[in-house]
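Close look at the chain arrangement
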Amino acid sequence: MKALLASPTYGPVDPLCVTAIRIAVMTAGRHGTDWVGDYSPDRVTYGAARNLVARYLDDNPIADGIVWIDSDMIPETASIWKLMATVERDNLDFLSGLYHQRRGMHAPLFYKYVPERDTFTQAYMYEPDCLFKADGCGFGIVWTSLRMLQGIKASANFQPDAGEWFPDRRLGFGKFGEDLGFCRQAMQAGYQLWIDSGITSGHCGEVEIVTRETYLKKQAEAHGGLKRVSEGVG
């Protein structure tokens, strides 16, 4: 299959992520993915960045679809290869791997749609190594087919002047960002999202700022008492 790579960046990128993504892309290429290009916007807002990529492929249908991988992902070596293998085996238009939030309780990033409130609720439990249906996902490691992009564009809900494929509604109370905005449009156009929990990726967490207090806390944990380490050496 022919794939376009999209890894939008919004600022400095951790070299560990860059290396892991590069290795995963090369591994997929070695196992049959035909990479036709890398169209990864830099320092563009979330929705606008993703719409740039979708619009580019729509105008230049050179690939079967887009492999999206966020620049803060640390995929396993085989993650993108497995993503493409599952897409090809099951003829899927919309597939996400499994990764977790950077903050809070680190919940998995897939969702159920709640029609009564026109929003999504986050899922918390899943079985590993399973392929299952969901309503929404983050765009950390995702495949979207050209066929689906064209189908969404042709649907009645597509609004060229109000978000295109990735409308961002996060400013409204209880609403959602560009990734779930895409998922909602995919649902309305009749496309099913699948999650493969056997396709996994690490998610680069929040940077810890190390101070004297950090040091004292670690010393206290190691030696059994803050007073001892905070008194110094006279």
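These numbers were taken from a predicted model, which means no experiment stands behind them.

This part covers the overall build of the protein chain. Of regular secondary structure, the protein chain possesses seven helices and 11 strands. The principal-axis extent of the C-alpha atoms belonging to the protein chain is close to 75 × 45 × 35 Å. Long-range pairs, those at least 24 residues apart, make up 75% of the contacts in the protein chain with a sequence separation of at least 6. Of the accessible surface of the protein chain, which amounts to about 12500 Å², a share of 54% is contributed by carbon and sulfur atoms. Side chains of the protein chain carry 24 positive and 29 negative charges; the gap between the two charge centres is 4 Å.

Now for the nonpolar core. Counting residues in each nonpolar core, the largest one holds 55 residues, and the members touching the most others are Ile80, Phe94, Phe139 and Phe182. Not counting the four nearest positions on each side in its chain, Phe182 is found in contact with Phe94, Phe139, Thr144, Met148, Leu149, Ile152, Trp165, Phe166 and Pro167.

The contact between helix H4 (residues 146-153) and helix H5 (residues 178-188) brings their axes to 9 Å, and the two run at 80°. The angle between the axes of H4 and H5 places the two elements in the roughly perpendicular class. Together, Met148, Leu149 and Ile152 of H4 and Phe182, Gln185 and Ala186 of H5 make up the contact between the two elements. For the contact of H4 with H5, the per-class residue count stands at five nonpolar, one polar and no charged.

Our focus in this paragraph is the layout of surface pockets. Here the largest pocket is characterised by a volume of approximately 1100 Å³. Along its surface, the largest pocket is lined by 36 residues, and Tyr46, Asp72, Arg102, Arg103 and His203 are the ones closest to its centre. Looking at the lining of the largest pocket, the elements that each hand over two or more residues are helix H2 (46-59), strand S7 (119-122) and H5. For the lining of the largest pocket, the element with the most residues is H5, which contributes three residues. Tallied by class, the residues present in the lining of the largest pocket amount to 15 nonpolar, 10 polar and 11 charged.

Take the pattern of salt bridges next. As enumerated under the stated definition, the model contains 11 salt bridges in all. Asp90 is the partner of Arg89 in a salt bridge, and the nearest nitrogen-oxygen pair spans 2.8 Å. The class of Arg89 is exposed, set by a relative accessible area of 58%. A relative accessible area of 31% means that Asp90 is categorised as partly exposed.

Here we take up the sheet that holds strand S9 (residues 136-137). As a general point, the strands of a sheet are linked pairwise by backbone hydrogen bonds and lie either parallel or antiparallel. With respect to topology, three strands assemble into an open sheet ordered S7-S6-S9, the strand pairing being antiparallel. Strand pairing shows two members of the sheet lacking a second neighbour, S7 and S9, which therefore form its edges.

Rules and cut-offs
Residues numbered from 1 in each chain as written. Predicted model: local features only at pLDDT ≥ 70, side-chain atom pairs only at ≥ 80, totals over all residues. Heavy atoms only, no water. Helix = DSSP H or I, 4+ residues; strand = E, 2+ residues; numbered from the N terminus. Contact = heavy atoms within 4.5 Å. Areas by Shrake-Rupley, 256 points an atom, 1.4 Å probe, with all protein chains shown as cover. Lys, Arg positive; Asp, Glu negative; His and termini not counted. Charge placed at Lys NZ, Arg CZ, Asp CG, Glu CD. Core = buried A, V, L, I, M, F, W, Y, C linked by side-chain atoms within 4.5 Å. Buried < 20%, exposed > 50% of the residue type's maximum accessible area, 1.4 Å probe, protein only. Axes fitted to C-alpha atoms, helices over the stretch in contact; angles between N-to-C directions. Parallel < 35°, antiparallel > 145°, perpendicular 65-115°, else oblique. Nonpolar A, V, L, I, M, F, W, Y, C, P; charged D, E, K, R; others polar. 1 Å grid on protein atoms, 1.4 Å probe; cavity = no way out; pocket = protein on both sides within 12 Å on 5 of 7 lines; lining within 4 Å. Points joined across faces, edges and corners; volume = space filled by probe spheres on them. Salt bridge = Lys/Arg side-chain N within 4 Å of Asp/Glu carboxyl O. Pairing = 2+ DSSP bridges.

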